[in-house]
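Chain by chain, the residues:
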Amino acid sequence: MTFVAKPRTHHPLLPVNELGLTRRDYEGSVSTLCAGCGHDSVSAAIVQACAELSIPPHRFAKVSGIGCSSKTPSYFLNKSHGLNSVHGRMPSVMTGANLANRDLYCVGVSGDGDSASIGMGQFAHIVRRRINMLYVVDNNGTYGLTKGQFSATNDKGSTSKKGAPNLYEPIDLASMALQLGASFVARSFSGDKQQLVPLIKAALVHKGMAFIDVISPCVAFNNHNGSTKSYEHIRQHGQNVVNADYIADHEEITADYEPGTFEDVSMPDGSTLRLFKIDENYDPHDRVSALNYVQRRGQEGEVVTGLLYVDPDASDCHEILDTVQRPLNELQETDLCPGNDALQAVNESFR
Amino acid sequence: MSVIHNDFVIRFANVNGSGSASANGMFAKALFRMGIPVATRNIFPSNIQGLPTWFEVRVSEQGYLGRREGVDIMVAMNAETFVEDVGSVSPGGYLLYDNSKPIAKTLKRDDITEIGIPLSTMLLPEFTDPKQRSLFKNITYLGALSGLLNIDFEVITGMVATQYKGKDALIQPNIHALELGRQYAYEYLNAPLPIQVRQSDQVGDRIMIDGNAAAALGALYGGATVCAWYPITPSTSVAEAFELHANRLRVEHDSGQKKFAIVQAEDELAAIGIVIGAAWNGARSFTATSGPGVSLMSEFLGLAYFAEIPAVLWDIQRAGPSTGMPTRTQQSDVLAAAYASHGDTKHPVLFPATPKECFDFGAESLDLADRLQTPIIVLSDLELGMNDNLSEPFEWDDSRTYDRGKVYTAEDLDELEVFGRYLDIDGDGIGYRTLPGTHPDKGAFFTRGTSRDEFAAYTESPEAYERNMQRLLTKWETAAKLVPSAEINNQKRGVGVIYYGTTSLPMPEALEQLSAEGITIDTCRIRAFPFGDEVAEFVDSHELVFVVEQNRDAQMRKLLINENEFSPQKLVAVTYYAGLSISADFIYGEILKYYQENKLSRLTEVQK
Ligand SMILES: Cc1ncc(C[n+]2csc(CCOP(=O)(O)OP(=O)(O)O)c2C)c(N)n1
Ligand code: SF4
Ligand SMILES: [Mg+2]
């Protein structure tokens, strides 16, 4: 895959933010994901949110794990540093990055495989530690990058690319984040910019752990039985026409619905996801009722979207550890080294 | 009867969790304060309470700090191991035990001297609380030993006073228990024995400290701000000591806030991940673990190697998996550390031998990691890390600055036309990095493991991959020049010996023993991997080189052969790996045996 930088000429009609910058200043490199992949919509929403917040585009630290989702930090905020780490371990790397410099905006991107399977432990513990960050999971219910195996967030009974049904209970990361003490928990849908952008903005300015579970369809592994676009179908019926690894271009799947209403979204695997958008009567300040609400709606087959819980006064890890206000990475010898006199006293205490 | 001064091995056999550790520690400290060189060794089970534990003190006027075979005085306080303990006393030695109950006739040995003290019965009228009684038993035998061995009583009572400062109510009963024991020794036991201590000047200005505390202090002085760790014996006390000293020495004056962050992570994967994340973002950071942790950290070590992110990892080595033997010392992670991870990786490894070196390497490893932009692994072990070792005092040159390596500032970037993260501008294989948030327009890049070109742009080009891998080799050569060089004594005597880490402790004594047999050999103490030219020169200038180490597979020997393509015939393995520390007697025995079996010529014929 070649890597082309986008031209940086500003469109005269693009809105300018408080820093005099446009959305283009917050963009990244050209995406190498499949056309129509939900993850690209999430990246676009991050770009828009950061631009609208007028945060200097170089003041972010982007960290991800491994997966299609984890590739996305290079597709937004090109002026900030990013680190594509190892599978499932974004949380630990981000913990270190945040401890080193509390002044940067931390954006962690992960996938459902990355966070709900191999990195489940790290997900749970970074939430507990309350690192001040935006934690986004691009949740597609599958392992995109390794070609369509079930992920642990996939609903029981849905079918894989090979047609086998998922036999195991799904993990709901939003419920877990609620239970583990995240001070901001939201869920949204990649195709619902109206909802997603404000949530990302709120999460970025929230102090503490802000977790957003973004349902983000994988368009490559649309393999419900009988689908004419399924891998099986193409293999059996179209070998002479296309290769088995051919992936047709897809339209982005979007959703546009009012608070307090449902929207049934057709997923690439042929299933239908019923999203329910919480309305203004919902009180997002009660952790226990939030958990209860999400679970109960879930039992009725609905995926609740919106801001599920927020505690605006929560503390973050730096407050818990009582670290200095200055970033640790800016401290110099005079701040850090106690000097030889103190060392001689240490020696004396070991005599 | 002639009296032996300051030259014996005493072993305390106790039950884990019985409070013996502090009394035994006081014993060693008292001799140390009398100016006598001592080396202490804990042999303990993976258990919190109830299993046997031993504490051994080597007392040596000559300053030999390695383990010596044989026990001259056994303080046998554990009924469960009594038989074994009686058996391990050297002929002519002494057995101190609680004779409140008589010992079985079958256990009697006529080649040792029994010293019975009715500890339990004698404390019965003194302390009514049974828990106190069992605690004071330890203090009472310490009192008895002070009489038997002629230890300066004021040194001990002074220590009690400092230990219980603030808890004054405890001082008096402790001193009383000490006196009870001491008096008993004088009244009933013919104290002092022919084995005694006496004031010496052999300690000098040295300190007595465990290597883990020294490592933590080194990291503190070296400017580490982030410490992430997961508990595992024998490394836990590194993080604990860092916290202890940082809370004292690294607090902002006005705010009282901490100029450091310590995270007890959920596992070792997270611990090294935190270190890498912090270092990527410009904070000096380190973790400490043992073999199992290194296994878990391997994937991340590979990432840091390829992504060229600094990291410092202390591996306090112990024996293999699970629990039990793993709380015994070994040097068995050499290869695992040197080649940790996947896809052509190798890491600089440092081998400290003393607490002073733990301190020095604690700071230096942070400089090296920043300079080389790669993980640095420091291989200590349980012997060094968890035992109080005699050590040169620590020193810090206040004019010293941290080497933060090649990091572009915003001003540097302003002057720069193009920034290429992985360009080898200086020809040493090390590129210039930038830290997140430095500059509004320049210097940002996306850090990946592989698949990037000199400008950190994504590519899967075979040529770019190869160029990168070659540059990493150039960096490796730079590393060989920067890491601590080997300590060498080469008088071209034909035969040499290579050793490292705690295997150095018994070496002076083993060399003495060998030279009495007419065997004189040159020495090379390796202090780091990659090996500097001096190591190759040492091997090349000898016909035969013993490589002495504490693992089964002769890992350092293999590493030498692998990296420098030395002839395997030339490097003779001398390995000890049974879980105790390697002794001078063992090294001497093995080398002597090799000389005898191969009929090698000696300097002088042995005169018997
Ligand atoms: C240790 C390790 N095991 C396995 C893999 C292979 N792998 C790469 S991506 C991936 C799954 C990614 O799934 P998810 O996090 O859901 O991301 P998506 O591609 O669906 O966005 C796996 C298993 C790996 N990179 N590292
Ligand atoms: S495989 Fe799926 S998740 Fe990956 S880029 Fe394609 S659509 Fe997106
Ligand atoms: Mg996924």
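What comes next is a walk through the structure. Just so we're clear, the structure is a prediction, and the values are computed from it rather than from any experiment.

### What about the coordination of the magnesium ion (ligand 3)?
Residues and elements named next belong to chain A.
Right, so step 1: The protein atoms that coordinate the magnesium ion (ligand 3) are D112 (OD), N140 (OD1) and T142 (O), at distances of 2.0 to 2.2 Å.
Right, so step 2: Read N to C, the donor residues that coordinate the magnesium ion (ligand 3) are spaced as D-x27-N-x1-T. On the criterion of sequence distance, the pair formed by D112 in helix α4 (residues 112-118) and N140 in the loop between β4 (133-139) and β5 (142-143) is long-range, its members being 28 residues apart. For the pair D112 and N140, one class covers both residues: buried.

### A look at the nonpolar core
Right, so step 1: Counting residues in hydrophobic clusters, the biggest one holds 146 residues, and the most contacted among them are F242, I526 and L560 of chain B.
Right, so step 2: Ranked by the residues each element gives to this core, the list is headed by helix α9 (residues 268-280) of chain B, at 9 residues.

### Observations concerning the site of ligand 1
Right, so step 1: Close to ligand 1 lie 18 residues; S69, D112, G113, D114 and G144 of chain A are nearest.
Right, so step 2: The local environment of ligand 1 is shared, drawing residues from chains A and B.
Right, so step 3: Note that an oxygen atom of ligand 1 is positioned 3.0 Å from one of the side-chain N or O atoms of N140 of chain A.
Right, so step 4: Residue T142 of chain A places a main-chain N or O atom 2.9 Å away from an oxygen atom belonging to ligand 1.
Right, so step 5: Across the complex, the protein chains shield 77% of the 590 Å² of accessible surface that ligand 1 would expose by itself.
Right, so step 6: For the shell around ligand 1, the elements supplying multiple residues, two or more each, are α2 (68-71), α4 and β5 of chain A.
Right, so step 7: In terms of residues, the shell around ligand 1 owes the most to one element, α4 of chain A, which gives 4 residues.
Right, so step 8: Of the residues assigned to the shell around ligand 1, the class counts are 5 nonpolar, 10 polar and 3 charged.

### Thoughts on the packing of helix α1 (residues 38-53) of chain A against helix α7 (residues 193-205) of chain A
Residues and elements named next belong to chain A.
Right, so step 1: The N-to-C vectors of α1 and α7 enclose an angle of 55 degrees; their axes lie 9 Å apart at closest approach. Overall, the two elements α1 and α7 adopt an arrangement that is oblique. Between α1 and α7 lies a crossing of right-handed hand. Between α1, through V42, A45, I46, Q48, A49, C50, E52 and L53, and α7, the contact on the second element is made entirely by K193, L196, V197, I200, K201, L204 and V205.
Right, so step 2: Residue classes in the contact of α1 with α7 are distributed as 11 nonpolar, 1 polar and 3 charged.

Rules behind the numbers
Residues numbered from 1 in each chain as written. Chains lettered and ligands numbered in written order. Predicted model: local features only at pLDDT ≥ 70, side-chain atom pairs only at ≥ 80, totals over all residues. Heavy atoms only, no water. Donors = N, O, S within 2.8 Å, 3.2 Å for Na, K, Ca; no water. Helix = DSSP H or I, 4+ residues; strand = E, 2+ residues; numbered from the N terminus. Buried < 20%, exposed > 50% of the residue type's maximum accessible area, 1.4 Å probe, protein only. Core = buried A, V, L, I, M, F, W, Y, C linked by side-chain atoms within 4.5 Å. Near = heavy atom within 4 Å. Polar contact = N/O pair within 3.5 Å; in protein donor to acceptor, adjacent residues only side chain to side chain. Areas by Shrake-Rupley, 256 points an atom, 1.4 Å probe, with all protein chains shown as cover. Nonpolar A, V, L, I, M, F, W, Y, C, P; charged D, E, K, R; others polar. Axes fitted to C-alpha atoms, helices over the stretch in contact; angles between N-to-C directions. Parallel < 35°, antiparallel > 145°, perpendicular 65-115°, else oblique. Left-handed = near helix turned anticlockwise from the far one by under 90°. Contact = heavy atoms within 4.5 Å.

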